[in-house]
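# Observations on the model geometry
Each chain, written out:
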Amino acid sequence: MIRVLPKEVSDKIAAGEVIESPVSIVKELIENSIDAGATSISCEIKKGGKEEIRITDNGSGIPSAQVETAFLRHATSKIEKAEDLKKLDTLGFRGEALASIAAVSRTELITKTKDETVGTKVEIHGGTIVNKESIGCPEGTTIIVKDLFYNLPARAKFMKSEASEAGKIIDMMSRLAITRPDIRFSLISNGKNHFTTSGNGDLKSAIISVYKDREFKELVEVHYPTNNTDDDSSKSIIVRGYISRPSFTRSNRRSQFSFVNGRTIKNKSIEKGIDLGYKERVFEGRFPITFLFLDIDPSKVDVNVHPNKKEVRFNDEIAVITAVEEAIKNTFRTERAIIKGTDNTYLQKHHSSLNNESEQLNIKDYLAIADREEDDTEKYIHETIDDSSVLMSDFVNQGFKEEPKEGINIVDPDINVPNLKPFDFNDLTFNGTILGTYIIGTDSNNFYLFDQHAAHERINYEKFINSYLSNNKESQIILTPITFDVPLEMTEDDEEWITLLTSMGYLIEPFGDATYIIREIPVFMTIGESEDFVKSFIDSFYDDRKTENEIVIDKLIGKACKSSIKANDFIKEEEIEALIDDLKKCRNPFSCPHGRPTFIKFSRYDLEKMFKRIQ
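Since this is a predicted model, take the numbers as computed values, not measurements.

Moving on to the packing of helix 2 (residues 22-35) against helix 6 (residues 162-179). The geometry of a pair of packed helices is captured by two quantities: the angle between their axes and the separation between those axes. Orientation of helix 2 relative to helix 6, taken along the N-to-C sense of each, is 25°, at an axis distance of 9 Å. In terms of orientation, helix 2 and helix 6 fall into the roughly parallel class. Seen along the crossing, helix 2 lies across helix 6 with a hand that is right-handed. Every residue of helix 6 that contacts helix 2 at Pro22, Val23, Val26, Lys27, Ile30, Glu31 and Ile34 is listed here: Glu165, Lys168, Ile169, Met172, Met173 and Leu176. Taken together, the residues that form the contact of helix 2 with helix 6 break down as nine nonpolar, no polar and four charged.

The following block contains the structure:
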């Protein structure tokens, strides 16, 4: 028999979809406070939120006549018609939060608008209003949630420990607090104040107040307005926030925070843009710290993907990847990308990963800089994405030009963009080498050490990439041609895959029903490498992943390393000048293809502090 469920049953079922744990409640209520225009929001929890959650704000409040309506399912002030879902600019909109929370707890709401002389207090237990009265209170809203899941003991058993639930709330509140530095946030757990932000609008101040990491003071500001053109129209994506220099990384992505239109989210496209932006600047397996905020036309973002709005979907994923990538690269085209010689965190962290004993020079004992190795066995894995327009990162669309990509422009001349001064090699004077490996450079206030091998490796790598991407591919004829077989379905349309391999430098011809012969191979591959690559290419031709650039990048890095000046290769003054002149022409002169720095800077202050001239 089919029947309509009673309201108390359906409410509990619906609440289970929205309210998973105490952190779900805190998130919904804080977002409602933000949407209500609050400039001060406090969150107090007891026993991880299981016993009590109290959210207090100074927002617009709820009119007394609408308090009961606010607890009805799908009652909302955020949307009126279906079309509004396409252009959401609020954090909450379904109208399910209050109804769901009240259905599985003992909830008390105290609220007052600025036009009312007294406030309203309402108490709801398990979805049923048990009391409503007038009360004196300040403008704004306070919601107290007690005894979560008291009427759903089976659901209560699935909650984690008090410490675990509190940890999730602290993490979520931390992210929300930095999305709105103009709001004063405070978080109290079992009487302990975890953080209080100033609400003065300064993002970096909010980050430091929340995360209390002294190293975050060294984060670099990002502000990159762009115009990204898709098939429909030209829409702007603004990327702003703070990122770490390549010298400051972590072993995982936990310190990478992404926000879209004020909403904290996880998104693979943003992560991919970060990876491409830092490509060749950080070691494999290391992740920079990022606080990135994307402002994008709400109609181009679908937030109705996850019940708790943890994920979003973009209409144009490629535009997002490109915007994030360009924002980071634009920042690191300045002197901020240079690693400081006093940055022991970076130097010590990566010393152990360099494993060639022939280069274990003791220069670190004098100047605390990293050792180098010549035949680096670490491989930089180039992450491909599902669009050829951004493959090969710097090079496919831009070559080695310093101008921004076509279609990328500043969208608002009134936006206060930081004045980032490009690093100018012409300001440097060079004074020979030390230990047959490190070139000495100075300007009016700084002292530099250039790693001649890393610098030459970068130069050769970009030269090889340029050659690889040129229209005229260099090939080498092999004395003994290589034959290989392909699946029969590939013989029906062999022009496509043969053209791709030809573009790399292969000369391939049919040699039977399903057999082909290789007569020429790319110059940057050995015979064995070229044969293995073709076999791998054929096996994965119908897969979604694009293997061509992933493998080629790896080969070019190896070739760049082997063909570069080594440590203890003494070079003359004119060779130094030529090396630096070639380095300054590189698109990324600050690191070798493996991610190691090509040079390190010591400021006058750093040197004087090292010699105890200043404290």
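With 54 residues, the main nonpolar core has Val26, Ile30, Met173, Phe185 and Phe291 as its most contacted residues. Of all the elements, helix 6 adds the most residues to this core, at seven residues. For Met173, the contacting residues outside a window of four places in its chain are Val26, Ile30, Cys43, Phe185, Ser186, Leu187 and Phe195. If you look at the next biggest cluster of nonpolar residues, it comprises 25 residues, including Tyr224, Ile265, Ile270 and Val301.

Below, the discussion takes up unusual backbone geometry. Within the chain, Lys47 stands out as a residue other than glycine whose phi angle is a positive 55°. Tracing the backbone through its elements, the reader meets Lys47 in the loop between strand 1 (40-46) and strand 2 (52-57). With a phi close to 50°, Asn190 is a non-glycine residue in the positive phi region. Counting through the fold element by element, Asn190 comes out in the loop between strand 7 (184-189) and strand 8 (192-196). Asn190 gets classed as exposed once you look at its relative accessible area, which sits at 52%.

Its place among the elements puts Tyr278 in the loop between helix 8 (268-277) and strand 14 (287-288). On a C-alpha basis, the gap between Tyr278 and Lys329 in space is 7.4 Å, while along the polypeptide they are 51 residues apart. Residues in contact with Tyr278, not counting those within four places in the same chain, are Ile243, Ser244, Pro246, Pro288, Ile289, Thr290, Ile328 and Phe332.

Let us now look at the sheet that holds strand 2. Consider a sheet: its strands pair through backbone hydrogen bonds, and that pairing is either parallel or antiparallel. Taken in spatial order, the eight strands line up as 5-4-3-6-2-1-7-8 in an open sheet, and their pairing is mixed. Each having just a single partner strand, strand 5 (128-135) and strand 8 make up the two edges of the open sheet. Neighbour to neighbour, the strand axes of the sheet diverge by 10° on average, direction disregarded. Across the sheet, helix 2 touches strand 1, strand 2, strand 6 (140-146) and strand 7, and the angle it forms with strand 2 is around 10°.

So, about the packing of helix 6 against helix 7 (residues 203-211). With their axes 9 Å apart at the nearest point, helix 6 and helix 7 run at an angle of 165° to one another. By the angle between their axes, helix 6 is roughly antiparallel relative to helix 7. In this structure, helix 6 meets helix 7 at a crossing whose hand is right-handed. Each of Ser174, Arg175, Ala177 and Ile178 in helix 6 lies in contact with helix 7, whose residues at this interface are Leu203, Ala206, Ile207, Val210 and Tyr211.

Reading across from one edge, 22-24-23 is the order of the three strands in this open sheet, with antiparallel pairing throughout. Strands at the two margins of the open sheet, each flanked by one partner only, are strand 22 (475-485) and strand 23 (507-510). If you compare each strand with its neighbour and ignore which way they point, the axes differ by 20° on average. Inspection of the sheet shows strand 23 paired to strand 24 (residues 515-522) by four bridges, in the antiparallel sense. From the neighbouring strand, Pro510 faces strand 24, where its bridge partner is Tyr516. Across the face of the sheet, helix 14 (residues 494-502) comes into contact with strand 22, strand 23 and strand 24 while running at roughly 20° to strand 24.

About the thresholds
- Residues numbered from 1 in each chain as written.
- Predicted model: local features only at pLDDT ≥ 70, side-chain atom pairs only at ≥ 80, totals over all residues.
- Heavy atoms only, no water.
- Axes fitted to C-alpha atoms, helices over the stretch in contact; angles between N-to-C directions.
- Helix = DSSP H or I, 4+ residues; strand = E, 2+ residues; numbered from the N terminus.
- Parallel < 35°, antiparallel > 145°, perpendicular 65-115°, else oblique.
- Left-handed = near helix turned anticlockwise from the far one by under 90°.
- Contact = heavy atoms within 4.5 Å.
- Nonpolar A, V, L, I, M, F, W, Y, C, P; charged D, E, K, R; others polar.
- Core = buried A, V, L, I, M, F, W, Y, C linked by side-chain atoms within 4.5 Å.
- Buried < 20%, exposed > 50% of the residue type's maximum accessible area, 1.4 Å probe, protein only.
- Pairing = 2+ DSSP bridges.

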